[in-house]
Structure formats: structure tokens, C-alpha cells
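Listed below are the residues making up each chain.
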Amino acid sequence: MTPDSATLQAADALRNARRVSLACHLNPDGDALGATLGLALALERSDREVVRLCQDAVPSAYGFMPGSDRVLTQPPHGWEPDVAVGLDCDTEPRLGSVAPFILNAPTVIDIDHHTGSGP
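As a starting point, this report considers the structure included with it.

Moving on to the overall build of the protein chain. The secondary structure content of the protein chain amounts to three helices and five strands. Going from N to C terminus, the protein chain has its helices and strands arranged as α-β-α-β-β-β-α-β. Computed over its C-alpha atoms, the radius of gyration of the protein chain comes to 13 Å, within 12% of the 14 Å expected for a compact globule of 119 residues. Taking the principal axes of its C-alpha atoms as reference, the protein chain extends roughly 40 × 30 × 25 Å. Within the protein chain, the proportion of its 119 residues that are buried is 39%. A separation of at least 24 residues holds for 72% of the contacts in the protein chain among residues at least 6 apart in sequence. With an accessible surface of roughly 6400 Å², the protein chain has 52% of that area assigned to carbon and sulfur atoms. Across the protein chain, the 8 positively charged side chains and the 16 negatively charged ones have centroids separated by 9 Å.

So this is what it looks like as C-alpha cells:
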């Protein structure tokens, strides 16, 4: 699969999704949180339901970021996303305890600038 076709497939999956889970890597930093929170805001503005996940709490230094107060360590009971996205997370172990909530979704997308194999 070429990067262009993968990008188009990911965009189509997100466009058609109603419920989306987003997760960044454990011990989140600014780019992981920025990517997660930014995508969450864009999806919510497009009338998607979004759950933001991270194994670890948002560091206080990033508390100013819009939506940082909505990052959860696990999804709400009964949450079933159409699509799940791992952001800034080059390997499955970097998702930590939220990995099952991402990897068990019907469609999983990896958005990352690292060179690992993705979640």
C-alpha cells in the first residue's frame, strides 16, 4: 500500500465514522497530546463522538491545551468506536494500558512520524 492510498483510506474511515477513539503514547509529551487533542477537536467539529485516551495523566504543563481535561485512562463503559487512532505511538507497547481499547476497534489507524511498525 502506498502512503497516498493509506492516507486516503484513513481519511475515508474517519469521514464515515460516528464514534472515534484516539490514544497517544504513555507519559505524553506536547506533540503526542497536541496531535491527539487537535484531531479530537477537528472530529468533534464534524459531529463525531470522540474519546481521548492515554495510560497516564496529562502533565500539568499541558493543562492549557483545549480538551486536555477530557483525556481518560479508559473509555466510558459500553463505548464502542467505529475507528480507533494511535497518535505519535510507533509501537503497541507505547500505548500502555489503553492498547486493547485501540487495537480491538473494527478499524485501527496509526498516525505517527516515528519509524516503528505502529500499533
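So much for the structure itself; the text now carries on.
Our focus in this paragraph is the nonpolar core. Among the nonpolar cores identified, the biggest contains 14 residues, and Leu14, Val20, Leu22, Leu43, Val83, Val85 and Ile109 are the most heavily contacted of them. When residues no more than four places from it in sequence are discounted, the contact partners of leucine 22 are Thr36, Leu39, Ala40, Leu43, Val50, Val51, Arg52, Leu53, Val85, Leu87 and Ile102. In this structure, Leu53, Ala84, Val98 and Ala99 belong to the second largest nonpolar core, which totals eleven residues.

Strand β2 (residues 49–53) sits mainly inside the fold: four of its five residues count as buried. Chirality of the crossover, the property in question, places the unit of strand β1 (residues 19–24), helix α2 (residues 30–45) and β2 among those that are right-handed. The pairing of β2 with strand β3 (residues 71–72) spans two bridges and is classified as parallel. Note that in β3 the partner of arginine 52 across the bridge is valine 71.

The next subject is α2. Its 16 residues give α2 an end-to-end C-alpha distance of 22 Å, which sits within 8% of 22 Å, the value for a rise of 1.5 Å per residue. Aspartate 47 lies just past α2 and shows a positive phi near 65°.

Further remarks concern the sheet that holds strand β4 (residues 83–87). Read across the open sheet, the five strands follow the order β3-β2-β1-β4-β5; overall the sheet is parallel. This sheet does not close on itself; its edge strands, each paired only once, are β3 and β5 (107–111). Pairing between β4 and β5: five bridges, direction parallel. Residue pairing for β5: glycine 86 is matched across the bridge by aspartate 110. Relative to the sheet, α2 contacts β1, β2, β3, β4 and β5, its axis offset from that of β1 by approximately 170°.

We now examine the side chain of arginine 52. One can find arginine 52 in strand β2. Here glutamate 44 takes part through its side chain, which lies 2.8 Å from a polar atom of the side chain of arginine 52.

Scoring rules and cut-offs
- Each chain has its residues counted from 1, running along the sequence as written.
- Reporting in this predicted model follows two pLDDT cut-offs: at least 70 for local features of residues, and 80 or more for side-chain atom pairs to be given and counted; totals over whole chains, interfaces and linings ignore these cut-offs and use all residues.
- To obtain the side-chain values, all non-hydrogen atoms of the structure were used and water was disregarded.
- Helix and strand assignments follow DSSP, with helices taken as H or I runs no shorter than four residues and strands as E runs no shorter than two, numbered in order from the N terminus.
- C-alpha atoms define the radius of gyration, and 2.2 Å times the number of residues to the power 0.38 defines the globule rule.
- Each residue is assigned to one of three classes by its accessible area relative to the maximum for its type, calculated with a 1.4 Å probe on protein chains only: buried under 20%, partly exposed between the two thresholds, exposed over 50%.
- Whether two residues are in contact is decided by their heavy atoms: any pair within 4.5 Å suffices.
- We get accessible surface area from the Shrake-Rupley algorithm with a probe of 1.4 Å; when it comes to residues, only the shown protein chains can shield them.
- Counting rule for charge: Lys and Arg are taken as positive, Asp and Glu as negative, and neither His nor the chain ends is counted.
- For charged residues, the charge sits on one atom: NZ in Lys, CZ in Arg, CG in Asp, CD in Glu.
- Throughout, nonpolar core names a set of buried Ala, Val, Leu, Ile, Met, Phe, Trp, Tyr and Cys residues whose side chains join them through atoms within 4.5 Å.
- We call a crossover right-handed when, viewed with both strands directed away from the observer, the connection leading from the first strand over the helix to the second proceeds clockwise.
- For two strands to be treated as a pair, DSSP must find no fewer than two bridges joining them.
- Each helix should span, by expectation, one fewer than its residue count multiplied by 1.5 Å.
- Inter-axis angles, ranging from 0 to 180 degrees, are taken between N-to-C directions of lines fitted to C-alpha atoms, where helices are fitted over the stretch in contact.
- The term polar contact refers here to a pair of N or O atoms within 3.5 Å; inside protein, the definition further demands a hydrogen-donor-capable atom paired with an acceptor-capable atom, and it admits residues adjacent in sequence only when both atoms are side-chain atoms.

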